[in-house]
Amino acid sequence: MRTGRLLAAGRTADVYELHADEGESGPHGPDGLAAASGTAAPGGPADRDGADRHTGRGADRSGGRGADGNAGHGADGCTGRDGAWVLRRYRDGRGDAVAEAEVMEYVRSHGYPVPRVRSATRTEMVLERLTGPTMLEAFAAGLIDPVAAGATLARLLHALHAVPPRTHPAFRLLHLDLHPENVVLAPHGPQVIDWNNAEEGPPGLDWGVSAMILAQVAVDEDDPRAHLAHDTLVSLLAQRPDGPAALTEGGLAEARRRRAANPTMSAREVELVGPAEQLIRRIAGPGPTA
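For clarity, every value in this text was computed on a predicted model and none was experimentally measured.

Chemist: Sorry, what's going on with the overall build of the protein chain here?
Modeler: If you tally the helices and strands in the protein chain, you get 10 helices and 11 strands. For the protein chain, the proportion of its 290 residues judged to be buried stands at 54%. Across the protein chain, every contact between residues at least 6 apart in sequence was considered, and the portion connecting residues at least 24 apart equals 70%. Summed over all atoms, the accessible surface of the protein chain reaches about 11600 Å², with 54% contributed by carbon and sulfur.

Structure representation (structure tokens):
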């Protein structure tokens, strides 16, 4: 699936690889850090097409790309357990890395698969580096098929919504950006990255957002990978739950509203929101629950 502006526009963070001998504390900055290979400077290719590529050596990953931030990967070693860390820094100061880190550590404490966070300030986060391709990259390499991808996304949504709520007993933690580029297929299992959009709410909204992201790619006739997005969407919706956690009418409507209001999408991409919703309704059958 094409990421471009549709899935990953406006990434505005720099990513550095921490040297192995750097301590647990100290100022974060270019001194003592190595810039992650492939990290684009403002105005570079990543800003134009919206998809930063941190190539590094091998296929290591650490955290993900939110609307205002990126996390990259470095070389050698799999996780922070052996000293392999990266620094994610928001460029424009709009992100709240502390809040994001708190969510990540909360779900990790309940067994949910996320990178470990070492430290965070409002605009920076140091987190473990993961080895493996994103699900999107695995598509291109022929390592995963759409049926398996959709089922994996569904399992991750199910598992996340089973995590006890942090505050409101009627709500659950929502990722609100769970799609193939935000899942790293690490050796120890799929890991979910990019928690910048996380909030508490009804699970149906999370299902709606993931479905809308896939459907927008699936209805794009100019995208040669539209069929992959379509088949992944079919697989995802086949695994959706019944009852209060289902893909609800309200959840789908709110997902459409949020996608249409996304300032990082082009006018053409916003035009795909309506057809995307129609596709979801056709695949879902009788329709989302009330």
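Further notes follow.
Chemist: When you look at the pattern of salt bridges in this model, what are you seeing that I'm missing?
Modeler: When the charged atoms of two side chains with opposite charge come close together, those side chains can pair. The full count for this structure, using the stated rule, is 13 salt bridges. When the shortest N-O distance is used, the salt bridge between arginine 108 and glutamate 105 registers 3.1 Å. Remark: glutamate 105 and arginine 108 occur in helix 3 (residues 97–109); sequence separation between them is three residues, near one turn of the helix. Classification of arginine 108 by relative accessible area gives partly exposed; the value is 32%. For arginine 268, the salt bridge is made with glutamate 271, and the minimal N-O distance between the two is 3.8 Å.

Chemist: What should I look at first to understand the pairing of strand 4 (residues 85–90) in this one?
Modeler: Looking along a regular strand, one sees side chains alternate from face to face of the sheet. With respect to burial, strand 4 is a largely interior element, six of its six residues being buried. Here strand 4 shows no split at all, with Trp85, Leu87 and Arg89 on one side and Val86, Arg88 and Tyr90 on the other all buried. Of the pairings in the sheet, the one linking strand 4 to strand 6 (residues 124–128) comprises five bridges and is antiparallel in character. Across the sheet, the residue bridging to valine 86 is leucine 127, located in strand 6.

Chemist: Whenever I open this one, the packing of helix 8 (residues 249–260) against helix 10 (residues 273–284) confuses me. Can you help?
Modeler: A pair of packed helices is characterised by two quantities: the angle between their axes and the separation of those axes. Running from amino to carboxyl end, helix 8 crosses helix 10 at an angle of 155°, the nearest separation of the two axes being 10 Å. The angle between the axes of helix 8 and helix 10 places the two elements in the roughly antiparallel class. When the axes of helix 8 and helix 10 are compared, the crossing they make is right-handed. Of the residues in helix 10, those in contact with Glu249, Leu252, Arg256, Arg259 and Ala260 of helix 8 are Val273, Gly274, Glu277, Ile280 and Arg281. A class-by-class count of the residues in the contact of helix 8 with helix 10 yields four nonpolar, one polar and five charged.

Chemist: Help me out: how do you make sense of the environment of alanine 101 in this one?
Modeler: Looking at the secondary structure, you find alanine 101 in helix 3. Looking at alanine 101, the relative accessible area reads 8%, which means it is buried. Along the sequence, alanine 101 and threonine 121 sit 20 residues apart, while their C-alpha atoms lie 9.1 Å from each other. If we ignore the near neighbours within four places in the chain, the residues touching alanine 101 are Val117, Ala120 and Met125.

Chemist: Honestly, helix 5 (residues 146–161) in this entry has me stumped. Any pointers?
Modeler: Note that an α-helix has 3.6 residues per turn; residues three or four places apart therefore point the same way. The terminal C-alpha atoms of helix 5, which comprises 16 residues, lie 23 Å apart, in line with the 22 Å expected from a rise of 1.5 Å per residue. Looking only at helix 5, the buried set comprises Pro146, Ala149, Gly150, Ala151, Thr152, Leu153, Ala154, Leu156, Leu157, Leu160 and His161. Looking at where helix 5 begins, the residue whose side-chain oxygen comes 3.1 Å from the main-chain nitrogen of valine 147 is aspartate 145.

Chemist: Hey, could you run me through the pairing of strand 5 (residues 117–120) in this one?
Modeler: Where strand 5 meets strand 6, three bridges bridge the pair, whose relative direction is antiparallel. Paired with valine 117 across the bridge in strand 6 is leucine 127. Between strand 5 and strand 6, which pair antiparallel in sequence order, lie three residues.

Chemist: Would you take a moment to explain the packing of helix 5 against helix 7 (residues 226–238) for this structure?
Modeler: Two numbers describe how helix 5 lies on helix 7: the axes approach to 7 Å, and their chain directions differ by 45°. With respect to helix 7, the element helix 5 is oriented oblique. The handedness of the crossing between helix 5 and helix 7 is right-handed. In contact with Pro146, Val147, Ala149, Gly150, Ala151, Leu153, Ala154 and Leu157 of helix 5, helix 7 contributes Leu228, Asp231, Thr232, Ser235 and Leu236. When grouped by side-chain class, the residues that make up the contact of helix 5 with helix 7 number nine nonpolar, three polar and one charged.

Chemist: I keep staring at the nonpolar core and nothing clicks. Help me out?
Modeler: Across soluble globular proteins, you tend to see nonpolar side chains buried next to one another. Residues Val107, Tyr112, Trp195, Leu233 and Ile280 are the most contacted members of the largest nonpolar core, which totals 56 residues. It is helix 6 (residues 203–218) that contributes the most residues to this core, 10 residues altogether.

Chemist: Just checking my understanding: could you explain the packing of aromatic side chains for this structure?
Modeler: For any two aromatic rings, the description comes down to two numbers: the centre-to-centre distance and the angle of the planes. Counting across every chain of the model gives one aromatic pair. Geometrically, the ring pair formed by tyrosine 112 and tryptophan 195 is edge-to-face, given 5.8 Å between the ring centres and 90° between the ring planes. Here the residue tyrosine 112 occupies a position in the loop between helix 3 and strand 5, and tryptophan 195 occupies one in the loop between strand 10 (189–192) and strand 11 (199–201), the gap between them amounting to 83 residues. Per residue, the accessibility class of tyrosine 112 equals that of tryptophan 195, and both read buried. Across from the ring centre of tryptophan 85, 5.3 Å away, lies the NZ or CZ of arginine 118, which sits over that ring. When the ring centre of tyrosine 106 is taken as origin, the NZ or CZ atom of arginine 166, which lies over that ring, is 5.6 Å away.

Cut-offs applied
Residues numbered from 1 in each chain as written. Predicted model: local features only at pLDDT ≥ 70, side-chain atom pairs only at ≥ 80, totals over all residues. Heavy atoms only, no water. Helix = DSSP H or I, 4+ residues; strand = E, 2+ residues; numbered from the N terminus. Buried < 20%, exposed > 50% of the residue type's maximum accessible area, 1.4 Å probe, protein only. Contact = heavy atoms within 4.5 Å. Areas by Shrake-Rupley, 256 points an atom, 1.4 Å probe, with all protein chains shown as cover. Salt bridge = Lys/Arg side-chain N within 4 Å of Asp/Glu carboxyl O. Pairing = 2+ DSSP bridges. Axes fitted to C-alpha atoms, helices over the stretch in contact; angles between N-to-C directions. Parallel < 35°, antiparallel > 145°, perpendicular 65-115°, else oblique. Left-handed = near helix turned anticlockwise from the far one by under 90°. Nonpolar A, V, L, I, M, F, W, Y, C, P; charged D, E, K, R; others polar. Expected span 1.5 Å × (residues − 1). Polar contact = N/O pair within 3.5 Å; in protein donor to acceptor, adjacent residues only side chain to side chain. Core = buried A, V, L, I, M, F, W, Y, C linked by side-chain atoms within 4.5 Å. Phe/Tyr/Trp six-rings, centres within 6.5 Å; stacked < 30°, edge-to-face > 60°. Lys NZ or Arg CZ within 6 Å of the ring centre and 35° of its normal.

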